[in-house]
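Chain by chain, the residues:
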Amino acid sequence: MIVMSSRMAGELELFAQAFVWGMTMMLAYDGLSLLRLLFRHGTALLAVEDLCYWIVYSILLFRMMYVENDGMIRGFALLAVLLGTILYFQLKKAVISVEKKLQNKIKAYIIKNRRKNR
């Protein structure tokens, strides 16, 4: 059995929370991107949306660090946020790849059945 000091356990918990924040940040940005696809608007509004997104996210991230780590900015926590965003992108790529393959198989099946029914 591994025994861990309470300080180390706290840092591990902060790392995990920051990692999840990184993934959540990118999920929220994907939601914003989806809204942009549904409701097209100009470059100025896109810039304002991005600015608001980053301001809100920065405040929320700082709040998390303030509450969990007495406001100290820890390098490993920032690294965890970065790793969370990278993992999100990698998972997103994998999901999109599987979706495309599945769509192609469904299309091929539909086309094949159309030809049989003619």
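Above this text sits the structure in question.
In this text the structure is predicted, and so the values were computed from the model without any measurement. (Residues numbered from 1 in each chain as written. Predicted model: local features only at pLDDT ≥ 70, side-chain atom pairs only at ≥ 80, totals over all residues. Heavy atoms only, no water.)

**Some details on the pattern of salt bridges**
Thinking step 1. Summed over all chains, the structure comprises five salt bridges.
Thinking step 2. A salt bridge links R7 to E11, with the nearest nitrogen and oxygen atoms 3.5 Å apart. Taken together, the residues span about one helical turn, with R7 and E11 both in helix α1 (residues 6-38) at a distance of four residues.
Thinking step 3. We classify E11 as partly exposed; its relative accessible area is 23%.
Thinking step 4. The salt bridge involving K92 is made with D30; its shortest N-O contact spans 2.9 Å. (Salt bridge = Lys/Arg side-chain N within 4 Å of Asp/Glu carboxyl O. Helix = DSSP H or I, 4+ residues; strand = E, 2+ residues; numbered from the N terminus. Buried < 20%, exposed > 50% of the residue type's maximum accessible area, 1.4 Å probe, protein only.)

**Topic: the packing of aromatic side chains**
Thinking step 1. For the coordinates displayed, the defined rule picks out seven aromatic pairs.
Thinking step 2. When the ring of Y53 is compared with that of Y57, the centres are 6.4 Å apart and the planes differ by 10°; the resulting orientation is stacked. On the criterion of helical spacing, the pair formed by Y53 and Y57 is a turn pair, its members being four residues apart in helix α2 (residues 43-69). Of the two residues examined, Y53 and Y57, each falls in the buried class.
Thinking step 3. Relative to F89, the ring of Y88 lies with its centre 6.5 Å away and its plane at 70°, an arrangement referred to as edge-to-face.
Thinking step 4. Taking the relative accessible area as the measure of exposure, Y88 reaches 14% and is therefore buried.
Thinking step 5. Given a relative accessible area of 39%, F89 falls into the partly exposed group.
Thinking step 6. Connected via pairs of aromatic rings, a cluster forms that spans W21, Y29, Y53, W54 and Y57. (Phe/Tyr/Trp six-rings, centres within 6.5 Å; stacked < 30°, edge-to-face > 60°.)

**Observations regarding the side chain of T85**
Thinking step 1. By the element assignment, T85 lies in helix α3 (residues 75-117).
Thinking step 2. Here the side chain of T85 touches L82 through a polar contact of 2.6 Å, landing on its backbone oxygen.
Thinking step 3. Look past the residues within four positions of T85 in its chain and what remains in contact with it is G22, M23, M25 and M26. (Polar contact = N/O pair within 3.5 Å; in protein donor to acceptor, adjacent residues only side chain to side chain. Contact = heavy atoms within 4.5 Å.)

**Description of α1**
Thinking step 1. Here α1 spans 48 Å end to end across 33 residues, near enough to the 48 Å set by a 1.5 Å rise per residue.
Thinking step 2. Residues of α1 that are buried: L14, A18, G22, M25, M26, D30, L32 and R36. (Expected span 1.5 Å × (residues − 1).)

**Details of the packing of α1 against α2**
Thinking step 1. It is at 11 Å that the axes of α1 and α2 come closest, and there the two elements cross at 165°. Here α2 runs roughly antiparallel to α1, going by the angle between their axes. In the crossing of α1 with α2, the sense of the turn from one axis to the other is right-handed. Every residue of α2 that contacts α1 at E13, L14, Q17, A18, W21, G22, M25, M26, A28, Y29, L32 and R36 is listed here: L46, E49, D50, Y53, W54, Y57, L60, L61, M64, E68 and N69.
Thinking step 2. Looking at the contact of α1 with α2 residue by residue, the class counts come to 15 nonpolar, three polar and five charged. (Axes fitted to C-alpha atoms, helices over the stretch in contact; angles between N-to-C directions. Parallel < 35°, antiparallel > 145°, perpendicular 65-115°, else oblique. Left-handed = near helix turned anticlockwise from the far one by under 90°. Nonpolar A, V, L, I, M, F, W, Y, C, P; charged D, E, K, R; others polar.)

**Let's talk about the nonpolar core**
Thinking step 1. Counting residues in each nonpolar core, the largest one holds 14 residues, and the members touching the most others are A18, M25, Y57, L61, M64, A77 and V81.
Thinking step 2. Of all elements in the fold, only α1, α2 and α3 reach the threshold of two or more residues within this core.
Thinking step 3. If near-sequence neighbours (up to four positions away) are discounted, A77 is found in contact with L14, A18 and M65. (Core = buried A, V, L, I, M, F, W, Y, C linked by side-chain atoms within 4.5 Å.)

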